[in-house]
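In case you want the letters, here they are:
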Amino acid sequence: MNVLLLGSGGREHALAWKLARSPSLGTLYAAPGNPGIARHARLVALDAADHVAVVGFARDHGVGLVVIGPEAPLVDGLADSLRAADIPVFGPSAGAAQLEGSKGFTKDLCARAGIPTAGYLRVRTRAEADAALATTFSLPVVIKADGLAAGKGVTIAYTPTEAAAALDILFDGPGEAVIEEFLDGEEASLFVLTDGTATMPFGSAQDHKRVGEGDTGPNTGGMGAYSPARVLTPELQARALAEIVEPTLAAMRDAGTPFSGVLYAGLMLTPAGPKLIEYNARYGDPEAQAVLPRFDGDLLVVMLATAEGRLGELPPARFIPETALTVVVAARGYPATPVTGGRIDGIERAEATGALVFHAGTSAEGEALVASGGRVLAITTLGDGAAQAQAQAYRAVDAIDFPGGFHRRDIGWREVARERGQVGGRLS
Ligand code: AMP
Ligand code: GLY
């Protein structure tokens, strides 16, 4: 079967790498892809915003499944356009992608369905926001832009000055925001494949959102991740599925917008049980680079069954017991203003250590490989536990020669400490 994969980051490289191992794959096309994806796929110049062109390409090339990697084309309704043309697609409709596209939509759904999440208020003006802060919330308080913000739309304000600064930015023009109660606990991400009705838990992970070691500094898209999230015990996962994921999927069905694809539940594990922080309507990046190498199955088979509403016919997904750990190498200046164009060498040396080197933001310049994005590479290793995976990951990272880049040296620190029996600090 021919497959078209949309996207150009490390998540899509991991998807391409795993899809390429499927015995039933014919030709894998990727648009726009990147030099790493090009090792597994034929790259095509297609703009995901041009639905007519994507549908036309899929028809002309006998594509039996379109896989949409990033959130923007989902929120933009690309999956709807493909379904209208009877082309199977892995990814939710625009209506269902609202679970990621609008924080207010998701909070209202949680309120209606009794799903555990932080208390909140939706505000549409600065005056409403100021009133909410004065009357309803104590510090710290969480202030979020309503729409997609590439991981940068959330402020945890510890002082009135920080809250005011966040609101100044949000209500600089017309805006909509969600103000939330601060939840304390450890975060974990749970991935669930669903065709709208049937569900298939698809692994867990923890990521490091902050740019600096010790989980400090500004939020990023993610500087590293590991899978599984052992803190999400089988009991807690069962609770999250029963109390959060299943009622959400039921509410989406009832609303006439069933969710099909992979639902990424960002959870806070509080003393009162798991609470929903947010949903994403797609795989995480870099979580996919940690989860997919552990999946012991045929990705094309489960994605097609998801797309065609046959997920319930398949056995549960199996994962190898090893820990996968992913370190992101970013361009200097990320997340504010990454310096692109820096030359990258040593990828073969890193791969020779046994690591998987996923390209996130690279481009080819003649024979050379250069950085073209904020997050440039995502390097994954498997180990018997996090400490071993971490040691191997840094051996591979150290084989990379990229003077214009940087990375965190402490990815997985909390899990490594847990293995050593010395849990401390908070993972943010
Ligand atoms: P989000 O984009 O909603 O995932 O938020 C980004 C990050 O902000 C989350 O991963 C959490 O680390 C943090 N965060 C969001 N909402 C809350 C909350 N209500 N309480 C504590 N931390 C939060
Ligand atoms: N790593 C977080 C995300 O993919 O949204």
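Read on for a plain summary of the structure. (Residues numbered from 1 in each chain as written. Chains lettered and ligands numbered in written order. Predicted model: local features only at pLDDT ≥ 70, side-chain atom pairs only at ≥ 80, totals over all residues. Heavy atoms only, no water.)

1. Regarding the nonpolar core
In step 1: By size, the foremost hydrophobic cluster in this structure holds 46 residues, and its most contacted members are L4, L6, V66, I68, L82 and L267.
In step 2: Residue contributions to this core peak at 6 residues, all from helix 9 (residues 234–254).
In step 3: Beyond its immediate sequence surroundings of up to four residues, I68 is in contact with L6, P73, L74, L78, A79, L82, V89 and F90.
In step 4: Grouped together as the second largest cluster of nonpolar side chains are 40 residues, A16, L25, A198 and V302 included. (Core = buried A, V, L, I, M, F, W, Y, C linked by side-chain atoms within 4.5 Å. Buried < 20%, exposed > 50% of the residue type's maximum accessible area, 1.4 Å probe, protein only. Helix = DSSP H or I, 4+ residues; strand = E, 2+ residues; numbered from the N terminus. Contact = heavy atoms within 4.5 Å.)

2. Considering the pattern of salt bridges
In step 1: Counted according to the given criterion, the structure contains 26 salt bridges.
In step 2: With a shortest N-O distance of 3.2 Å, K144 and E180 are connected by a salt bridge. Of this pair, K144 sits in strand 7 (residues 141–145) while E180 sits in strand 9 (residues 177–181), and the two are 36 residues apart along the sequence.
In step 3: By relative accessible area, E180 is classed as buried at 5%.
In step 4: Beyond isolated ion pairs, a larger network of salt bridges with shared partners links E186, R230, R414, E415 and R418. (Salt bridge = Lys/Arg side-chain N within 4 Å of Asp/Glu carboxyl O.)

3. Brief notes about the packing of aromatic side chains
In step 1: Counted under the stated rule, the structure contains 9 aromatic pairs.
In step 2: With a centroid separation of 5.0 Å and 80 degrees between ring planes, the pair formed by F191 and Y264 is classed as edge-to-face. In this pair, F191 sits in strand 10 (residues 186–194) while Y264 sits in strand 15 (residues 261–270), placing the two residues 73 residues apart along the sequence.
In step 3: Judged by relative accessible area, F191 falls into the buried class, the value being 1%. (Phe/Tyr/Trp six-rings, centres within 6.5 Å; stacked < 30°, edge-to-face > 60°.)

4. Quick word on the sheet that holds strand 3 (residues 42–43)
In step 1: Read across the open sheet, the 5 strands follow the order 3-2-1-4-5; overall the sheet is parallel. One side of each edge strand has no neighbouring strand; the edge strands of this open sheet are strand 3 and strand 5 (89–90).
In step 2: Bridge analysis of strand 2 (residues 28–32) against strand 3 gives 2 bridges, and the strand direction is parallel. The residue bridging A30 from the neighbouring strand is L43, located in strand 3.
In step 3: Across the sheet, helix 1 (residues 10–19) lies against strand 1 (2–7), strand 2 and strand 4 (63–68), angled at about 165 degrees from strand 1, the strand it touches most. (Pairing = 2+ DSSP bridges. Axes fitted to C-alpha atoms, helices over the stretch in contact; angles between N-to-C directions.)

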